Every structure is written in C-alpha cells, then in structure tokens.
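# Residue-level structure breakdown
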Amino acid sequence: MSLEFAGHRLNQLISSSLPDQIKTDCEVSVFVSRFALAAVTACIGMCWGQTTASVTGSVTDPSGAGVGGARVQLKNALTGFEQAVETKPDGSFQLASIPLRTYELTVRATGFQIHEQAITFSNAAAQTVAVRLKVMTAESSTTVSAFETVSLVTPEDTGTRAQINQKEIERLVLSVGNRGLEAVVQTFPGFAQNANGSIHPRGAHTQMSFIIDGMPITDQLTGAFANAVDPNIVQSVEIFTGNIPAEYGAKIAAVINVNTKSGLGTDRRLMGSTALSAAGYDTIGQVTQFAGQNKRFGYSGLVNTMKSNRYLDSVSLDNLHNGGNSSRGFLRLDYQASDKDVFRVNFLMGRAPFQLANLRSQHANGMNQRQELGDFSTAFNWVRTLDPRSTYEMNYSVRTSTSALLPSVGDTPVTASQERRLTTVALTHRYATVRGRHNIRGGVDLQRIPIREQFTFGITDLGFNDPADPENYLQTLRPFDLSRGGRLFRFQEAGTGGFYSGHFQDSIKLGAFQVSLGMRYDVYRFLVDATLWQPRVGASYHLKRTGTVFRASYNRLLQTPQNENLLVSNSDKANVLVDPEIRATTGGAVQRIRPERQNLMEVGFQQSLGRRFSVNSSFYHKNARNQQDVNNFFNTPIVFPLQLLAIRVNSVESRLVMTPWRGLSGSMAVTHSRAISTPPFIGGLYIGNGNVTLLNQGPFVIDHDQKLSLQTVMNYTHRRGFYSTVSARHDSGLVTGNADPADVKRDPDYFDLLPYTNLLSSPPRTRPRTIVDVVVGYERLRKERKVWDVNLQVSNITNKTALYNFQSAFVGTRVVQPRTVGARLRFYF
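Residues numbered from 1 in each chain as written. Predicted model: local features only at pLDDT ≥ 70, side-chain atom pairs only at ≥ 80, totals over all residues. Heavy atoms only, no water.

### As for the overall build of the chain
- When its secondary structure is counted, the chain shows 10 helices and 41 strands.
- With 829 residues in all, the chain has 59% of them scored as buried.
- In the form shown here, the chain has an accessible surface area of approximately 32100 Å², with 57% of it arising from carbon and sulfur atoms. (Helix = DSSP H or I, 4+ residues; strand = E, 2+ residues; numbered from the N terminus. Buried < 20%, exposed > 50% of the residue type's maximum accessible area, 1.4 Å probe, protein only. Areas by Shrake-Rupley, 256 points an atom, 1.4 Å probe, with all protein chains shown as cover.)

### Some thoughts on the nonpolar core
- In terms of nonpolar packing, the biggest core is built from 60 residues, with Phe455, Phe457, Phe489, Phe633, Phe640 and Ile687 touching the most fellow members.
- Apart from residues no more than four positions distant in its own chain, Phe633 is found in contact with Val414, Ala416, Phe455, Phe457, Ile638, Phe640 and Ile687. (Core = buried A, V, L, I, M, F, W, Y, C linked by side-chain atoms within 4.5 Å. Contact = heavy atoms within 4.5 Å.)

### A few points about the environment of Gly547
- On the secondary structure map, Gly547 appears in the loop between strand E26 (528-543) and strand E27 (548-559).
- Distance in space between the C-alpha atoms of Gly547 and Pro155 is 9.7 Å, their sequence separation being 392 residues.
- Setting aside its immediate chain neighbours within four residues, Gly547 contacts Val153, Gln606, Gln607 and Ser608.

### Notes on the sheet that holds strand E2 (residues 71-75)
- Strand order in the open sheet made by the 4 strands is E3-E2-E5-E6, with antiparallel pairing throughout. The outermost strands of the open sheet, each flanked by one partner alone, are strand E3 (82-86) and strand E6 (115-120). Here the strands of the sheet are splayed against their neighbours by 20 degrees on average, with no regard to which way each runs.
- In this sheet, E3 lies alongside E2 in antiparallel orientation, the contact comprising 5 bridges. In the sheet register, Arg71 faces E3, and the bridge partner there is Glu86. (Pairing = 2+ DSSP bridges. Axes fitted to C-alpha atoms, helices over the stretch in contact; angles between N-to-C directions.)

### Considerations on unusual backbone geometry
- Following Pro679, the chain continues to Pro680 via a peptide bond in cis, the omega torsion being 15 degrees.
- Along the chain, Ser762 connects to Pro763 via a cis peptide bond; the corresponding omega equals 0 degrees.
- Position of Pro763 among the secondary structure elements: in the loop between strand E35 (757-758) and strand E36 (765-766).
- Positive phi, normally seen in glycine, also occurs at Asn319, with a value near 55 degrees.

### Some details on the pattern of salt bridges
- Tallying each qualifying case throughout the model produces 35 salt bridges.
- With a shortest N-O distance of 3.7 Å, Arg171 and Glu779 are connected by a salt bridge. Linking Arg171 in the loop between helix H4 (166-170) and helix H5 (182-185) with Glu779 in strand E37 (residues 769-782), this pair joins segments that are 608 residues apart in sequence.
- For Arg171, a relative accessible area of 10% gives the class buried. (Salt bridge = Lys/Arg side-chain N within 4 Å of Asp/Glu carboxyl O.)

### With respect to a nonpolar patch on the surface
- There is a patch of nonpolar side chains on the surface, built from Leu510, Phe513, Tyr541, Leu543, Phe550 and Phe605 and spanning about 510 Å² of accessible area.
- Inspection of the secondary structure assignment puts Tyr541 in strand E26.
- Among the residues examined, Tyr541 registers a relative accessible area of 30% and is labelled partly exposed. (Patch = residues over 30% accessible without salt bridge, like charges linked within 9 Å, V, L, I, M, F, W, Y side chains within 5 Å.)

### Observations regarding the packing of aromatic side chains
- Applying the stated criterion across every chain, the model contains 23 aromatic pairs.
- Each ring, one from Tyr750 and one from Phe806, has its centre 5.7 Å from the other, and the planes form 90 degrees; the classification is edge-to-face. Of this pair, Tyr750 sits in the loop between helix H10 (741-746) and E35 while Phe806 sits in strand E39 (residues 803-808), placing them 56 residues apart in sequence. Of the two residues examined, Tyr750 and Phe806, each falls in the buried class.
- An aromatic cluster is built from Phe455, Phe457, Phe480, Phe489, Phe633 and Phe640, whose rings are joined through pairwise contacts.
- Above the face of the Tyr723 ring, Arg171 is positioned so that its terminal group lies 3.9 Å from the ring centre.
- Here the basic side chain of Arg310 rests over the ring of Tyr281, its NZ or CZ set 5.4 Å away from the ring centre. (Phe/Tyr/Trp six-rings, centres within 6.5 Å; stacked < 30°, edge-to-face > 60°. Lys NZ or Arg CZ within 6 Å of the ring centre and 35° of its normal.)

### Things to note about the confidence of the model for the chain
- Mean pLDDT over the chain stands at 87; residues scoring 70 or higher make up 89%.
- Here residues 1-50 is a poorly scored stretch, pLDDT under 50, and it has 82 contacts once near neighbours within four places are set aside; other chains count.
- Long-range and interchain partners of residues 143-150, a stretch whose pLDDT sits below 50, account for 15 contacts in this model, where long-range means more than four residues apart. (pLDDT = per-residue confidence, 0-100.)

### Details of the sheet that holds strand E12 (residues 215-217)
- In spatial order, the strands read E8-E13-E14-E11-E12; together these 5 strands make up an open sheet with mixed pairing. At either end of the open sheet lies a strand with only one pairing partner, and these are strand E8 (161-165) and E12. On average, adjacent strands in this sheet sit at an angle of 20 degrees to one another, irrespective of strand direction.
- Where E8 meets strand E13 (residues 234-240), 5 bridges bridge the pair, whose relative direction is antiparallel. Note on E13: the bridge partner recorded for Gln163 is Glu238.

### Thoughts on the side chain of Ser608
- Considering the arrangement of structural elements, one finds Ser608 in strand E28 (residues 596-609).
- Look past the residues within four positions of Ser608 in its chain and what remains in contact with it is Leu152, Val153, Thr546, Gly547, Phe613 and Ser614.

What follows is the structure, given as structure tokens:
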C-alpha cells in the first residue's frame, strides 16, 4: 500500500503546484517516473509467467556428426499449433513463441528413421533437446506414435480453454470493414455475435481482456470504439472463459491471450510477404509483413491499410454514408542477450477515420457525422531464466487510445460531439517455477489509468422528445432542445484511476488428478474504492483408459467498470439528463459505478472419440451483483456505462474438434445461454426511452441473451497446395427493444426491417439467421517454402438478410452484411 499512497501524494503535489492546462501534459511523464520507481522498489512477485517458451537443440547421426537440412516439426493435433524449421549445417535448430502445452516433436531427414518424442513446456524457461537419428535400413520401419491419441484431451486444463493459430486464422473469412481478432474469437463457444465486431462473452457486455505479449488491453476493441487487434500479427491465441487463472483481472468474462510472431527462429536476415486484396463495397487493402534474424537479434512487423464503403455494419438496408479507412502497424524486436536473458520491445499503432452510417431521414437531411480513432502502444519485456525450472519476468507497457466524434450541420434528431483519451500504464513482476509435482506461478501487477473526456449534445428535431407525446417525452432533456430554443449540454473532465493486484497459483499433479489452487487480491481506486480476495480453484480427473477428463471449478471475480465515458456517466453534471423514474431509484443522487462482483461455477468434461475427434463440453452458472452494461446514445457510436442491481447467467457449451485426416479438419461450437438482469438501475448514465418503465418492472432477459448459436468451420488442404474453408454460423436471435410493430410499420427509417424481427415474442427478438462463408485458394510452394498464394472468398454466400439487433436500448439497430465477394493475392519474399 505504500506505493499506492506515494502515487496519491504525488498526484496531490502536481494538482496543487501546476496550472490546469499543464497538468494533463505532465500526466504521462509522472506515471513513467512513478512506475520506474516501482520497478526498483516493488518486490519480485510470482505469477503465471510468460505464456510462450522456446526450444533449441541439435540433430546428429549415430556417429555424433551434425545433420543439416533435417526438418524439425513441433505440433499439437488438438489445438492445431504447428511450427517447423530446418536444421543448420551443424545440425542446430531453434523454435520460439511456443504456447505452454505438450507437443509432439518430429525430426525427418533423408536416409534416417523418423524420430518422434513428446515435449512439455510448463514455463518460459528455454528447453534444450538433443536428437540422435538412426540410419534407415531395409528392415526398419516407422511406428505410429501413441502421442496423437493422448493429445486429444488436455487433462492439465481445469477450466474451459481453447487455442487457435496463425494458419487457421489466415483461412477464415473476415468481413469487410474494421474487423479484427474478435471475428476469430467468435468461432468458439460462449460468444454471442453482435454488430461491428462486438461479441458478448458468457452473458457479459464486452468485459474482455486482450493480453498481447504480456501487455493488458481492456479497451472495447470493436469497430465503433477502438481499432481492433490485427489478426495478421498473431502466432497463436489462447482463450480462457472458465477457471480464469489468478494472473488475470479487471475485464475477465473472457481472456484472449495473444502471442505475436517473432523473428527469432526464422534463421533468415529478411523474409515476409505482401498481400493485395479487393472486395465488394469498393473495399481494397494491402498487408505487408516482414521478419528476420541476425544471430541473437530478431524482428517482425506489419503494415496494414484498408478502405471500404461499408466500414461499419449499416443501420439500414441502404448502407448510407458508411465509408472509412484504417491503417495499422506493428513491430516486435527480440534480443537474446544470453542463454538466460531475453528482451523484447513491442510497438502497436492504428488510425481509423470513417463516416457514421445514416438512417434514411438523416441522409435526406444532409447528416455528415464522422469519427476518428487512434491508438499507440509500447511494451518492454524482460525474461530471466533463473534455473532450468524457474523464470522471472518483468513487463512495462503504455497504451493510449483516442476517439473523436465530429458533428455536422445536418445532424438529426440529435447532434453530438466527443473527444476521449484513455491511457493505461502497466507494470508487472512475475515468477514461475516447477518443483516436483508443483507448477507455481505468481506476481504483482500495477496500473495507472488517466482519462480525459469531452462531450456535447443537443436535440435538433422538433418532432423528437415532443411534449405532446408523454409516453416518450423526457423532461430532463428539454433544456438542451435546440429546436425549442435550448442550449448545448457540455461536459469536460479528466481523472486518474489505479488498479493494483497480487496473485498466486499452484497447479499440482496428483496421479490422475490435476488440482489448481489460486488466489488473487485486487485494489481498485477510481471514483469509488473496492477490494476483493478472489479464490480461483479447479480440479480435473483423467480416465486414460477411456480418454475422458472430468473437471470442475469455482471462481470469485471482480470486474472493473468500463473506462470509456466513465467520467461523464458518473458526473453530477450529467445526472440532470437522467430520466426522473431512473433517478428516483437512487434517491435523486449520483450513484457511482462500482466493480461487478461475480461467482462463476463450472463443470465440464473432455472426451476423445476414436483417433480423430475430441469433444469439450461445459455447464456454467454465474451470478453477480452490480451488473455492468452500456446505454446506446440515440443510435450514435456513443455509449454510456451503467449499472443494474444483479445478473444471473446459465449456459451449456460444447465444441467438437476433428484433427487433420487426409487434409480435412474442422470444428463445431454450440452455445445455449440464458441471461437475466435484475433492476433497478443503480449507477451510471441511462438517458432512456420508452423502455424505461418495462425495464424497471422486474427481472428481464438482457439483450445479449440467446437460446442457440452454432458455429461450424471445415478446412480442406490438398497436398498439391489447393485449400478451402467453409464456415457456417446460426444464431437464434438476440433480444430487441420493446417496439410496437404498428409504430415500426409507419416509420420510414425502420418499416422494411420489420420482417426480420419477431416483436410479438416474449421477449422480442431478431429473427434467426444462418450465414455461410466460403474460401477457396491455392498456395504455391518451392522446396517447402511459400512463393505465392491466391484465394477467393464469399461471405454470406446465400445473401441472407438479417439483423444483429433492433432498437435495443443498449446497442441500437444494425444490419448483417449482405453477400460480398473478395479476392487476395499474396507474394512471399
């Protein structure tokens, strides 16, 4: 707590001695200095440790001479991870950025028998492997390894965990526009698909964390709020939704752990590719990737640019005023200073100016609202191998994201402007060690979060918020009705929060049992204060004879509030906008948004089916106090965080995986969920609409509740280089706003969307939809190296017309992208 007190005192000194216009400019410098001090004074904690490892080794013949040109392959049949390299003339090799799991290591060389062995990575400590090949004779034969059958289940997992890798990601169909890694994540169970790349993990709004090479990102990474993570930078992705490791906190309905591509292990000074793509809606783009290695130094990077006339999901069938472009960049530098020390520096940046999609009435009025998003991140990482079983890791990162909403003279029914700036400064110390049957991890995490917000709005349409319509009239908005002589509402404020954590975890192997014992303690300091001890415990039992794993877990979780628009949503000034009925539930006073406190219980099993299939199923129950969600501000890209009394979620999930067989592989993910929210609204900013009375009457089904979602992905790869992917997703429909069908039928902006809703059901929902995407392509190889590839992709091949949501008080209205054809040509160098 001394660090927290020192930081608080430092803020006081700054505030008292500097003029207002200088304070903001000094914030980042102050945090850098403070965290540099923390790096020296904070004790070395213990944590999950770095989530990737490396292996070096040598391949020799029976006499001990090195075998050059041997192919060394590391793979896991269940997760699909695969990495390969050729040995140098002296027989040495290196593989890096390997997620922590068990793999099959295979070595092939002309004239020698194939060598196979299992290798397990438990922490970031580099492993060394010495392989001595046997000469192939007329009598010798290669036996099939039993490893493949064993790898169809993961007995070390005590909660729901999945993985996807670079090769699988490259062959998925990603919609045009600003789509990122979230489009990949939604192919797994537990994620309800929404508009603009938004996904709801396990009954939550968007409370997810992306961890990129150890750097935490808890921003809302969807098209309308921030630049998404580029899938092209990914080496592998791990997805945690059950029994969340004690390392992770803040936004943990799901944790997306991203390991990026490294230049170490490429054994080339320069290599890479350039891809050119074009698709419908005048979409064009290019992606240039590069990587290389010079002895102990490695680098990899990317430049991605794109423009489209359907940048976001449209609010109508007409796709009006919806153009935009984006540019993203990434650079990773690795330096292996010694056999024990590895340093890494990452840079991640993006920029996206785009138009905001119009309704017909808005387009006719000349509405020309635009939005600009930007972000820049840098992270420094040091991993020290203390001994063959132990590592220490330090990670320091700074991320800043900005958003600007630019109004126009034709804005209707409201005009609004916004500028947001969110910075996250994070420092982590971590230690991991393997001692006998114990795999111990732990650490301390420190974060400072400066925020600056500016927001204005006013009503411009005389027919909007009309006093003659008492059912939809909000008297609190009358002073800001420009069409009736009112004034603009204006808000501007800055603030800084802190988040401090300590965590410990021990994974214990006890025969057929795997036991995970974790504990986390969080301290949250931002507008409100909150602390919580969080046990994270789980166990699994492996029946080897039947290839079955049973598991169960319990997690206590603290979900911190959404940072976007947090200040305005908790301000006394904005409280005058809140509907009187909502304000009455809080006694008329502003109620600050508090962290959500959750109990998450999960049971599940894994089962291998023959030698090619594996099924992973789970049931979970989540109950929480202080439920967090957002209120969409009149169909604009602005959302205000809010809070309800409670939520409970029950769900069944299952995923069937088919491992590669004669070039064919695939997966099927099924989710059934039920999410019930309990009012009243107890915090945040809910400006409201006609749904207010209904939402306050009692428990209701929240808008991201969905009875059934089904995602199927099938891949085929021919040995001559041809490949294809077919993905199909069925969604039974999310909950819509409580609109009257007769009113919708008379509305010129929404009448033609009525057939795609079922407003008479209880609760009202969008109609079910099934969207099928197809990719076909060819990859040209020369001496096992890629030369070029070309593919054709069709998204929504049946041209299904459907809605993600409709007049939702939480997310508004958005239309599914129609059939779109695209092509990509890529050259390798």
